[in-house]
Amino acid sequence: MDLHQLPPKPPHALHSLHFFPQYHLLRLPIIFTKYHAYVFSFILITLTAFAFSLLRPSFDPRPLLRSHPRRETCDYSDGKWMFDEEYPLRMYTEDCPFLDPGFQCHRNGRIDEGFRRWRWQPHGCDLPRFNASDLLQRSQNGRIIFVGDSIVRNQWESMLCMLSQGVSNLSNVYEENGSPITKHKGFLSFRFQEYNLTVEYYRVPFLVRISRPPPNSPPQVRGAIEIDKLHWFSNKWSGADILIFSGGHWWTEDKTTKAGAYFQEGQELNMTMDYKEAFHRTLKTLKAWSMQNLDPLRAHIFFRSYSSIHFRNGTWDQGGTCKGSNQPESHSSNFPSESPFHQFVYDITKEMKAANRKAKYLNITYLTEFRSDGHPSTHREEGTAHSAIEDCSHWCLPGVPDTWNEILYAHLLIEDFRAKLK
């Protein structure tokens with residue numbers, strides 16, 4: 001699809017025949033000297049040239065850049081889901097060897113196929129088609145890293161499978177330390193040998209360090225979340241070309257203070273700080289680290305927003321369900337109010353951009369709100385206990401996270417990411 005249509009032609013102000021004097025020749029006096037003829041011809045030629053200059057659109061280079069939305073202003077986060085029978089044909093399948101069993105919903109018993117046939121259509125523009133070969137070439141000798149919880153792992157596995165479509169021999173894509181895709185702790189790094197590219201995932205749900213309580217802590221304190229210190233894995237992130245950070249699902253009262261994990265800055269444990277303020281300060285810590293440790297000319301930094309969950313008729317631990325959803329929500333009137341986390345992430349991104357860093361807010365919350373049909377739900381991997389709660393947080397693959405990576409790719413094109421390597 002062409003992202004860059006030529007601007008419409010201006011109104012045909014010259015469309016009326018009465019504008020052109022040649023249509024009134026019969027009204028001229030019979031006495032018509034050679035001088036008059038020269039003057040008349042000059043006026044006619046001038047007016048004709050002027051008319052054609054108005055009718056011809058000015059030169060616009062955008063049609064030459066059909067896959068490049070550089071000159072366009074587009075809010076990719078605002079749009080609607082369109083049913084598209086051909087969309088799955090552009091994607092990978094569950095046969096991709098880089099998928100966690102928990103995300104392979106068909107193999108886990110899901111029968112319907114419709115959830116894979118919805119394509120995100122932004123208002124007023126189009127998403128460029130994801131080109132695996134192009135991104136692999138641009139990323140040659142580079143690193144793409146995903147940092148966060150298991151939802152960002154969803155997106156990382158999607159990226160692995162999307163990029164693998166541009167590789168001639170999948171045996172040349174492997175985990176550098178020999179770890180299986182089912183490993184869920186620590187980090188995983190897959191190398192695309194043909195391009196000397198690594199695509200890495202770091203499981204850091206809070207982004208910062210989790211440590212033992214400081215000495216003399218109250219008895220209800222079981223751990224400390226050190227919001228002024230990034231996780232120890234951060235020493236591996238320097239030198240990356242594309243970094244995707246995401247947090248939010250673990251930043252709740254249930255998973256922090258109610259679980260005995262309080263927030264610490266320096267040597268001081270703060271017993272009154274709530275999780276929202278702690279998350280905000282964590283983002284400031286991440287920003288400070290990025291400004292100090294990432295190359296401003298090289299690193300493209302994406303802060304991804306919260307991915308929606310769809311537990312209906314109860315919370316995740318109180319009988320909430322997404323079972324039976326087989327198509328996107330039809331309207332947004334029932335969506336929950338916007339979390340303050342979005343403003344925090346947006347503000348941090350804006351501050352980094354003002355400091356001439358290549359930072360972007362990857363807003364995927366609104367588009368995921370519609371997709372209650374995209375979760376594994378009861379279609380869990382083999383061996384999962386029948387009493388286990390439904391999964392209405394993660395996403396089936398292929399599925400919704402593929403769209404996040406399409407939007408990521410669109411932003412990289414806008415930024416001319418490593419275009420000279422093509």
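Note that the structure is predicted; figures quoted are calculated from it, not measured.

A few words now on the side chain of aspartate 134. On the secondary structure map, aspartate 134 appears in helix α2 (residues 132-138). Looking at aspartate 134, its side chain comes within polar contact range of the side chain of arginine 138, at 2.9 Å.

Moving on, we get to the pattern of salt bridges. Counted under the stated rule, the structure contains 22 salt bridges. Among the salt bridges present, the one from glutamate 406 reaches arginine 90, with a minimum N-O distance of 3.8 Å. Of this pair, glutamate 406 sits in helix α7 (residues 400-414) while arginine 90 sits in the loop between β1 (79-83) and β2 (118-122); the two residues are 316 residues apart in sequence, bridging distant segments of the chain. In this structure, arginine 418 engages aspartate 241 in a salt bridge whose closest nitrogen and oxygen atoms are separated by 3.8 Å. Of this pair, arginine 418 sits in the segment after α7 while aspartate 241 sits in the loop between β8 (223-230) and β9 (242-246), and the two are 177 residues apart along the sequence. Given a relative accessible area of 24%, arginine 418 falls into the partly exposed group. Among the residues examined, aspartate 241 registers a relative accessible area of 3% and is labelled buried. Each of Glu94, Glu113 and Arg116 takes part in one network of salt bridges that share partners.

Here we come to the confidence of the model for the chain. With 82% of its residues at a pLDDT of 70 or more, the chain has an overall mean of 84. Confidence drops under a pLDDT of 50 for residues 49-72, and excluding neighbours within four residues, the segment shows 40 contacts in the predicted structure.

Counting 58 residues, the largest nonpolar core has Trp156, Leu163, Phe192 and Val199 as the members making the most contacts within it. Elements with a contribution of two residues or more to this core: β2, α2, β3 (143-148), α3 (150-164), β5 (187-192), β6 (197-203), β9 and α7. The element that contributes the greatest number of residues to this core is α7, accounting for nine residues. For leucine 163, the contacting residues outside a window of four places in its chain are Phe130, Ala132, Leu135, Leu136, Phe192, Leu197 and Val199. Membership of the second largest hydrophobic core comes to 35 residues, among which are Leu230, Leu286, Phe341 and Phe344.

In this section: the state of the cysteines. Summed over the entire model, instances satisfying the criterion amount to four disulfides. Each sulfur in the disulfide pair cysteine 105 and cysteine 396 lies 2.0 Å from the other. Here the S-S torsion is close to -95°, and the disulfide linking cysteine 105 with cysteine 396 is therefore left-handed. Of this pair, cysteine 105 sits in the loop between β1 and β2 while cysteine 396 sits in the loop between α6 (365-369) and α7; the two residues are 291 residues apart in sequence, bridging distant segments of the chain. The same class applies to cysteine 105 and to cysteine 396, which are both buried. There is a disulfide in this structure between cysteine 322 and cysteine 392, and the S-S distance comes to 2.2 Å. On the S-S bond that ties cysteine 322 to cysteine 392, the torsion sits near -90°, and the link is left-handed.

Rules and cut-offs
Residues numbered from 1 in each chain as written. Predicted model: local features only at pLDDT ≥ 70, side-chain atom pairs only at ≥ 80, totals over all residues. Heavy atoms only, no water. Helix = DSSP H or I, 4+ residues; strand = E, 2+ residues; numbered from the N terminus. Polar contact = N/O pair within 3.5 Å; in protein donor to acceptor, adjacent residues only side chain to side chain. Salt bridge = Lys/Arg side-chain N within 4 Å of Asp/Glu carboxyl O. Buried < 20%, exposed > 50% of the residue type's maximum accessible area, 1.4 Å probe, protein only. pLDDT = per-residue confidence, 0-100. Contact = heavy atoms within 4.5 Å. Core = buried A, V, L, I, M, F, W, Y, C linked by side-chain atoms within 4.5 Å. Disulfide = S-S within 2.5 Å.

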